Amino acid sequence: MKKSLFAILLAFVFVLTACGNGNQASTEAETSAAEETTTAASENADAPETSAEANAEGAALSEPVTLKIGVSPVPHGEIVEAAKENLAKRGVNVEIVTYDDYVVPNQALASGDIDVNYFQHEPYFEDFKKQNNLDLKKLGTVHIEPMAIFSATVKDLNDVPEGGKVLIPNDPTNGARALLLLEKQGLIKLDDPTNISATEANITENPKNLTFVPLEAAIVGRTYQDGDLAVINSNYALEAGLNPVTDSLAIEDKDSPYANILAVRTGEENEEKFKILLEELNSDTVKKFIEDKYQGAVIPAFSNAQ
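Here is a short report on the structure shown in this document. Throughout, residues of each chain are indexed from 1 in the direction in which the sequence is written. At least 70 in pLDDT is required for a residue's local features to be given in this predicted model, at least 80 for side-chain atom pairs to be given and counted, and no such filter applies to totals for whole chains, interfaces and linings, which use all residues. Excluded from the side-chain calculations are hydrogens and water; all other atoms, namely the structure's heavy atoms, are used.

### Let's talk about the sheet that holds strand β9 (residues 211-215)
When DSSP finds two or more bridges between two strands, those strands count as paired. Working definition: helices are DSSP H or I runs of at least four residues, strands are E runs of at least two. Numbering for both runs from the N terminus. With respect to topology, 5 strands assemble into an open sheet ordered β9-β6-β10-β5-β11, the strand pairing being mixed. Only two strands of the sheet have a single partner each, and these edge strands are β9 and β11 (250-251). Taken together, the 2 bridges between strand β6 (residues 165-169) and strand β10 (residues 229-232) define a ladder with parallel strand orientation. Its bridge partner lying in β10, L167 is registered against A230.

### Here we look at helix α6 (residues 172-184)
A helix is expected to reach a length of 1.5 Å times the quantity of its residues less one. End to end, α6 covers 18 Å across 13 residues, agreeing with the expected 18 Å (1.5 Å per residue, within 8%). Using a 1.4 Å probe on the protein chains alone, a residue whose accessible area is under 20% of its type maximum counts as buried, one over 50% counts as exposed, and one in between counts as partly exposed. Across the 13 residues that make up α6, a large majority, 11, are buried. G186 sits one or two residues past α6 and shows a positive phi near 80°.

### Considering the environment of E216
If you trace the backbone, E216 turns up in the loop between β9 and α7 (217-222). With a relative accessible area of 34%, E216 lands in the partly exposed category. Between the C-alpha atoms of E216 and N174, which are 42 residues apart in sequence, the distance is 9.9 Å. Among residues more than four places away in sequence, those in contact with E216 are D100, D101 and N170. Whether two residues touch is decided by their heavy atoms; if any such pair falls within 4.5 Å, the residues are in contact.

### Section: the layout of surface pockets
Estimates place the volume of the largest pocket at around 300 Å³. Definitions used throughout: a 1 Å grid over protein atoms alone; a cavity as a set of points that fits a 1.4 Å probe which cannot get out; a pocket as an open set with protein on both sides within 12 Å along at least five of seven lines; a lining residue as one with an atom within 4 Å of a point. Forming the boundary of the largest pocket are 14 residues, of which L180, K184, E252, D253 and P257 lie nearest the centre. Class assignment for the residues of the lining of the largest pocket results in 6 nonpolar, 2 polar and 6 charged. Grid points are joined across faces, edges and corners, and a volume is the space filled by probe spheres set on the points. Three residue categories are used. Nonpolar comprises Ala, Val, Leu, Ile, Met, Phe, Trp, Tyr, Cys and Pro, charged comprises Asp, Glu, Lys and Arg, and polar comprises the others, including Gly.

Below is the structure:
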């Protein structure tokens, strides 16, 4: 009987000891887990920023890509060059393809020869894709090139000769834009001075009997000396060595609606690589480049509300 009682008491002590050890193990495990959590939190605090924080500073693609971008050489190509280094840091390498006209770059984009283009203002883009049934989409705006009036012989618009010859772009949007600028300078009158589709048929007064010679926009810049006046897009004026601010007789206001845009194929506008391209072409780096390089002949469009 005494031996049985002693065995029961011994078993009871063993159970208590086991329970005590179990609680101790549990406590040690919890302490270890807490320490690991604290360590992990500390390590994460020192880790590089990711997701939203990284995006705010300009996240890079996980795998680099190359974009073929079609541009006019000046200023579009130069502006892309200014953004090239920062684009590469974010995984977007650009291959610049230059064009000297306003027709091929949209066709090349639609056919897949290039991935994005940057050479045209929005009214021209909207008209061209409608006329040619192209499924293209505006990605965003970058800059404005104020159109200006130049002459190799006339020093003041008041001295334009009777029957003077005026060279203007032959595409509908830039032709209308030229007429609107001439109207604003008092050389002609239009039936509606806000009509961005105006043609010669909309001229109601032409007191100096000016003759209008429509030419491809690039040719106007190269042959402006052949007319008494020439209304030239700033990119082609710059290519001809003309500064629209200092060399022109008149220039569009800075609130011109003709902002130059990036265009892509419809359905691709939300791809991350294109978002990065637009962000870098709308960056402070590019803004400073445009202002320093062109001195008002090209104006950042993204500095205004979009």
